[in-house]
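For reference, the chains in residue letters:
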Amino acid sequence: MNKTKISGFHGATRWSGRLLRPFLLAMACGAFISSAHAANDISGTLIRTCSNQLNGSRYADAMLDDFRGTRFPSPRTGGFTVTSVEQVWLALPAYCLIKGTIQPTSPGGVDPAVKDPSYRVSDINFQIYVPSQWNGKFVQLGGGGFAWKTDVVANGIQTNLQYSPSLQGIALSNYAVILADAGVGDSGKSFDPEFVQAGRKLSDVAKQEMVKNFGQDSIKKSLDVGLYLLKKLTGSKPTDTYFIGISTGGRQALKAMANWPDAYDGIVAGAPPVDETNLLKTIEVPAVVNDWVVNWAGASAMITSLFGQQVSQQTLSDGLGAVSRHLADVAVESGADYDGYNRLLDELAPVWNVQPAELLAFFDAAASQKKAGGKGKKIIIYQGTSDFLVPCTQAGEFVSKLAALPSGGKVTASDIKGSVRAYFIEDYSHGFYNTNSLLRRVGLTPLQLAWNAVADLDNWVHDDQARYGAPSLARNATGEIPANQSLGAWKCIATP
């Protein structure tokens, strides 16, 4: 029998006995079912399949062929490995947690696009959470910064705080969930992207496997692995697949739908740096960067802001400055002078950034699916108007251009209105807290957005006329893409 994890709720030994006992009683009686989504009890299946016998199992890339898709095929992997399996019964709901790695395609991890012969491409680390009370749906979580640490349980807690404050449980409770680190590694390196190395020439950097993994490829690689292992554990493919992300995770969500629209039924993209390379161009590079201090401060800032505390704007700015400085060094090592830094970012732009026109394939897939009588495909974007890290103009200009796509004749205005909601939230900062000090004083900050975005997305996918919620303090409660005049008034479109 596998090891039992006593502190099942994300190590939540802080839960008092007063709270824990009734929940355990409810679980023992089979009374716990998510209030938002009906779930089936698959405890018996997980007892049989969530086994230590999977530990160390290695799988060839060909095992993923059934999940690759044909119109929008997945990138290849070098295979994948299961590194640990846990049955966690003293949690609500109980769950199976699988950890593993996805190997690079570069032979021996040696990327031919990198000059340094000692350089090796890192594995992509992933975790998969499968609850005993499963609603049949699958959520892929995006990473913030330059990728969260791959702890799907911990980040499921953060997602619950972000979207739906509740005591429902870990990792979106009744959803199966996967999270991967995009090949970047521990979140302590969030602002030190060591994966960007000098190529033989400037244009080589954008061809590097780790750069492509961070930009887009790891998204589908990890989804395919997750779908394979989910079926192995449950015997079923999910009925619905969603991508939920904040910050870089929001950018990943849009990339996921743009690149592989057949693979996803819907996404939630929060504060997405869709024009990340231009954002890095605008960051003032500190003359001296102490990477350890910056990294520690940046991670602490995100944790602090998660709980509603004020955070210095300079803290995260310095963190991005470290990224900027490192990329400038890469440009120099690749034979350019410091003016070549902007040229390097231009090379990275197609891999890292998301353009509205890239969603044309999504609109086509959504229209075809609805025409065939299927469910909808939906996108929800949200952005704070007081975001000090990713300016509101990133989301504002993105949705403004998105609304203008019908002028090209490839998609109608009704297609966009029926498939995209974009919320702009007054006084809200970078996906974590409200900047209004009065709200913090009266204790409203822990409610975060006071909005169950995942439930809204799920309901909307299955019913075009479903009632919608909205983030607290949303300037446009309907989610309809605002006119440029409104976006300008909220400072969410750059003024000439």
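Parameters and conventions
- Residues numbered from 1 in each chain as written.
- Predicted model: local features only at pLDDT ≥ 70, side-chain atom pairs only at ≥ 80, totals over all residues.
- Heavy atoms only, no water.
- Helix = DSSP H or I, 4+ residues; strand = E, 2+ residues; numbered from the N terminus.
- Buried < 20%, exposed > 50% of the residue type's maximum accessible area, 1.4 Å probe, protein only.
- Contact = heavy atoms within 4.5 Å.
- Areas by Shrake-Rupley, 256 points an atom, 1.4 Å probe, with all protein chains shown as cover.
- Disulfide = S-S within 2.5 Å.
- Pairing = 2+ DSSP bridges.
- Axes fitted to C-alpha atoms, helices over the stretch in contact; angles between N-to-C directions.
- Expected span 1.5 Å × (residues − 1).
- Core = buried A, V, L, I, M, F, W, Y, C linked by side-chain atoms within 4.5 Å.
- Phe/Tyr/Trp six-rings, centres within 6.5 Å; stacked < 30°, edge-to-face > 60°.
- Lys NZ or Arg CZ within 6 Å of the ring centre and 35° of its normal.
- Salt bridge = Lys/Arg side-chain N within 4 Å of Asp/Glu carboxyl O.

A.B. asks: Explain the overall build of the protein chain residue by residue, including any values.
C.D. replies: The number of helices and strands found in the protein chain is 15 helices and twelve strands. Across the 496 residues of the protein chain, 57% fall into the buried class. Taking contacts inside the protein chain between residues at least 6 apart in sequence as the whole, the part at least 24 apart equals 77%. As presented, the protein chain carries roughly 19900 Å² of accessible surface, and 53% of it is formed by carbon and sulfur atoms.

A.B. asks: For the state of the cysteines, give the residues involved together with the corresponding values.
C.D. replies: Covalently bonding the sulfur atom of one cysteine to the sulfur atom of another cysteine gives a disulfide. Summed over all chains, the structure comprises two disulfides. Linked covalently through their sulfurs, Cys50 and Cys96 form a disulfide whose S-S length is 2.1 Å. An S-S torsion of about 85° defines the bridge between Cys50 and Cys96 as right-handed. Of this pair, Cys50 sits in the loop between α2 (43-49) and β2 (58-59) while Cys96 sits in strand β4 (residues 95-102); the two residues are 46 residues apart in sequence, bridging distant segments of the chain. The class for Cys96 is buried, based on a relative accessible area of 0%. The disulfide partner of Cys392 is Cys492, and the S-S distance across this bridge is 1.9 Å. Disulfide Cys392-Cys492: the torsion about the S-S bond is 85°, which places it as right-handed.

A.B. asks: Tell me about the sheet that holds β4, and please be specific about residues and values.
C.D. replies: Taken in spatial order, the ten strands of this open sheet run β2-β3-β4-β5-β8-β7-β9-β10-β11-β12, and their pairing is mixed. Strands at the two margins of the open sheet, each flanked by one partner only, are β2 and β12 (420-425). Sheet topology note: the strand β11 (residues 378-384)/β12 ladder contains six bridges and is parallel. The residue bridging Gly384 from the neighbouring strand is Ile425, located in β12. Sheet strands touched by helix α4 (residues 209-234): β2, β3 (80-88), β4, β5 (124-131), β7 (137-141), β8 (176-180) and β9 (240-246). Its angle to β5, the strand with the most contacts, is close to 40°. Taken strand by strand, helix α14 (residues 453-462) contacts β7, β9, β10 (266-270), β11 and β12, and its axis lies near 145° from that of β9.

A.B. asks: Tell me what's going on with helix α9 (residues 340-352), and back it up with residues and numbers.
C.D. replies: Taking 1.5 Å per residue, 13 residues should reach 18 Å; α9 reaches 18 Å between its end C-alpha atoms and fits that length. The set of residues buried in α9 consists of Gly340, Tyr341, Leu344, Leu345, Leu348, Ala349, Val351 and Trp352.

A.B. asks: Mind laying out the side chain of Thr277, listing which residues take part and the relevant values?
C.D. replies: Locating Thr277 in the fold gives a position in helix α6 (residues 276-282). Those residues in contact with Thr277 that sit more than four places away from it in its chain are Leu345, Leu348, Ala349, Trp352 and Asn353.

A.B. asks: How would you sum up the pairing of β10? Please name residues and give values.
C.D. replies: The buried count for β10 comes to five of five residues, which makes it a mostly enclosed element. The alternating pattern of β10 places Gly266, Val268 and Gly270 and Ile267 and Ala269 on opposite faces, both of which are buried. Of the pairings in the sheet, the one linking β9 to β10 comprises five bridges and is parallel in character. Bridge pairing in β10 links Ile246 to Gly270.

A.B. asks: Tell me about the nonpolar core, residues and numbers included.
C.D. replies: Residues Leu229, Leu254, Leu359, Phe363, Ile379, Phe398 and Phe424 are the most contacted members of the largest nonpolar core, which totals 64 residues. Looking at this core, the element that brings in the most residues is α4, giving eight residues.

A.B. asks: So what about the environment of Phe126? Which residues, and what values?
C.D. replies: Of note, Phe126 is situated in strand β5. What makes Phe126 buried here is its relative accessible area of 1%. Spatially, the C-alpha atom of Phe126 lies 9.3 Å from that of Val82, the residues being 44 residues apart in sequence. What Phe126 contacts, discounting residues up to four positions off in sequence, is Thr81, Ile98, Lys99, Gly100, Thr101, Ile102, Thr150, Leu179, Ala180, Val225 and Leu229.

A.B. asks: Describe unusual backbone geometry, with residues and values.
C.D. replies: Although it is not a glycine, Ser247 adopts a positive phi angle of roughly 60°. Topologically, Ser247 is positioned in the loop between β9 and α5 (248-259). When its relative accessible area of 6% is taken as the criterion, Ser247 is described as buried. Within the chain, Ala271 stands out as a residue other than glycine whose phi angle is a positive 45°. With respect to the secondary-structure elements, Ala271 resides in the loop between β10 and α6.

A.B. asks: Which residues make up the packing of aromatic side chains, and what values go with them?
C.D. replies: Scanning all chains against the criterion turns up eleven aromatic pairs. Consider the rings of Phe214 and Trp352, whose centres lie 5.1 Å apart with planes at 80°: the pair is edge-to-face. In this pair, Phe214 sits in helix α4 while Trp352 sits in helix α9, placing the two residues 138 residues apart along the sequence. Classification of Trp352 as buried rests on a relative accessible area of 0%. Looking at Arg251, its charged tip hangs above the ring of Phe214, at a distance of 5.0 Å from the centre.

A.B. asks: Describe the pattern of salt bridges, and please don't skip the residues or the numbers.
C.D. replies: Applying the stated criterion across every chain yields a total of 19 salt bridges. A salt bridge links Arg71 to Asp262, with the shortest nitrogen-to-oxygen separation between them at 2.9 Å. Of this pair, Arg71 sits in the loop between β2 and β3 while Asp262 is found in the loop between α5 and β10, placing the two residues 191 residues apart along the sequence. On the basis of relative accessibility, which here comes to 47%, the residue Arg71 falls in the partly exposed class. The closest approach of N and O atoms between Glu86 and Lys99, which form a salt bridge, is 3.9 Å.

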